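# Remarks on the overall topology
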Amino acid sequence: MIPSRCRTRKPDTEALGSPSYRHRKAAARAEGKPKTLLDRRGGNGRKLRNTMRKALLLLPVLTVSAVLAQTPTKNPRDGDAAAIQGGKLRFELTCAECHGIDAKGVFGPDLTTLWLTGTTDDRIFQTVRRGIQGSSMPASRLPDDDVWSVLAYVKTLAPNVPPPKRTGNAENGEKIFAARCGACHQVNGRGGYLGPDRTRIGSSRPPEVLARDIRNASAVIVPGYRSVTLVTSDGRRVRGVVKNEDAFSIQVMDTQNKLQGYLKSSLKEVVAEPKSVMPDFAPAQLPEQDLNDLLQYLGTLRGAAPARG
Ligand code: HEC
Ligand code: HEC
């Protein structure tokens, strides 16, 4: 069955054509009946009609070029010093919290290396315009020209030479992940729930940032993963991640991946833990080569194809 929104709608060109068609018909009718206002005015009326007809014939052409002008393949603000200056400000206000003040990535990916992959300005523009579904990358509400200015600025940060290729072994990295990380992190629907899902981690974090998160998990604690220890009235200690809390109750995901709820009145204490429940993987626990392999594997995790233009 064809869903209703797929039912044949006239393509835009036809829709555009029809008013001018209607107008021509009206004009022809007017010519047959010389008593219309336009014709009584004589030559003037005819001139006016011709101009209108020309304007209407031009309309589709203008509309098509306007559509093209919306997404030029090259950034119209590239190299424009004033626009770049403004773009820098906009970037720092609206993008830096996720992509880093230097655009090299924090919660979002490194943007300075975008152009090395051979992607085009208009594709990047569309990504910013529409956002990426299923990720925190929002659709931008900035006017087109501001988006172009932001991208013109980011391009000035792009390195001239590609970064060195990573040399880790992704296959070994996958094994390390399953053994050391899978208990707490999901990838493609498998694994534990204590930490955030890692299915898309490869496209959302640069490797340097991932390395820091792994070596020193408590350096930055992901919002929504605050860690606590609950002390029950019988003295048991439950370490976990807070999932829900109000004045009277608290819910935590414990380190066994079990969700536990308590009335606060039944607890001796709720201890806020400064450290993440994720252990720090220092070189003694995770040698440099293993970290490299792990990063190589994480780099392959890009989830389902995002809604890109
Ligand atoms: C709330 C966080 C957040 C903000 C604000 C944000 N981004 Fe993003 N952005 C992300 C994340 C996360 C991704 C990666 C999404 C994915 O692929 O899973 C991303 C991806 C992108 C991509 C695609 C990168 C690629 O590898 O294809 C571009 C381009 C981009 N962002 C540009 C911008 C610009 C420009 C701004 C400011 C106007 C901005 N972003 C604001 C989080 C953010
Ligand atoms: C005991 C459970 C646990 C284990 C084991 C664990 N993690 Fe985590 N991880 C967490 C939790 C909880 C967080 C969120 C809190 C935080 O930011 O520290 C987290 C956060 C992270 C982050 C940063 C989150 C982000 O989105 O920026 C990364 C990257 C990460 N883990 C990767 C790994 C890798 C790789 C391993 C294996 C070497 C691993 N984790 C092992 C529980 C765990």
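Scroll up for the structure.
Residues numbered from 1 in each chain as written. Chains lettered and ligands numbered in written order. Predicted model: local features only at pLDDT ≥ 70, side-chain atom pairs only at ≥ 80, totals over all residues.

### Points about helix H4 (residues 81-94)
Its 14 residues give H4 an end-to-end C-alpha distance of 20 Å, which sits within 8% of 20 Å, the value for a rise of 1.5 Å per residue. Ala-83, Ile-84, Gly-87 and Phe-91 are the residues of H4 that are buried. End-on, the buried residues of H4 take up no more than an arc of 95 degrees, which puts them together on one face. Every exposed residue of H4 that faces more than 90 degrees away from the buried side is listed here: Ala-82, Gln-85 and Leu-93. Contacts from the buried residues of H4 go to helix H5 (96-99) and helix H7 (144-156). (Helix = DSSP H or I, 4+ residues; strand = E, 2+ residues; numbered from the N terminus. Expected span 1.5 Å × (residues − 1). Buried ≥ 20, exposed ≤ 12 C-beta atoms within 10 Å, placed from the backbone. Arc of directions from axis to C-beta. Contact = placed C-beta atoms within 7 Å.)

### Quick notes on the site of ligand 2
In the vicinity of ligand 2, 23 residues are found, and the nearest of them are Cys-181, Cys-184, Gly-195, Ser-276 and Met-278. When the residues that make up the shell around ligand 2 are grouped by side-chain class, the tally is 16 nonpolar, four polar and three charged. (Near = placed C-beta within 6 Å. Nonpolar A, V, L, I, M, F, W, Y, C, P; charged D, E, K, R; others polar.)

### Some words on unusual backbone geometry
Residues other than glycine seldom take positive phi values, yet Ala-103 does so here, at roughly 65 degrees. By the secondary structure assignment, Ala-103 is in the loop between H5 and helix H6 (121-130). Residues other than glycine seldom take positive phi values, yet Asn-257 does so here, at roughly 65 degrees. The exposure class assigned to Asn-257 is partly exposed, which follows from the 14 C-beta atoms found within 10 Å.

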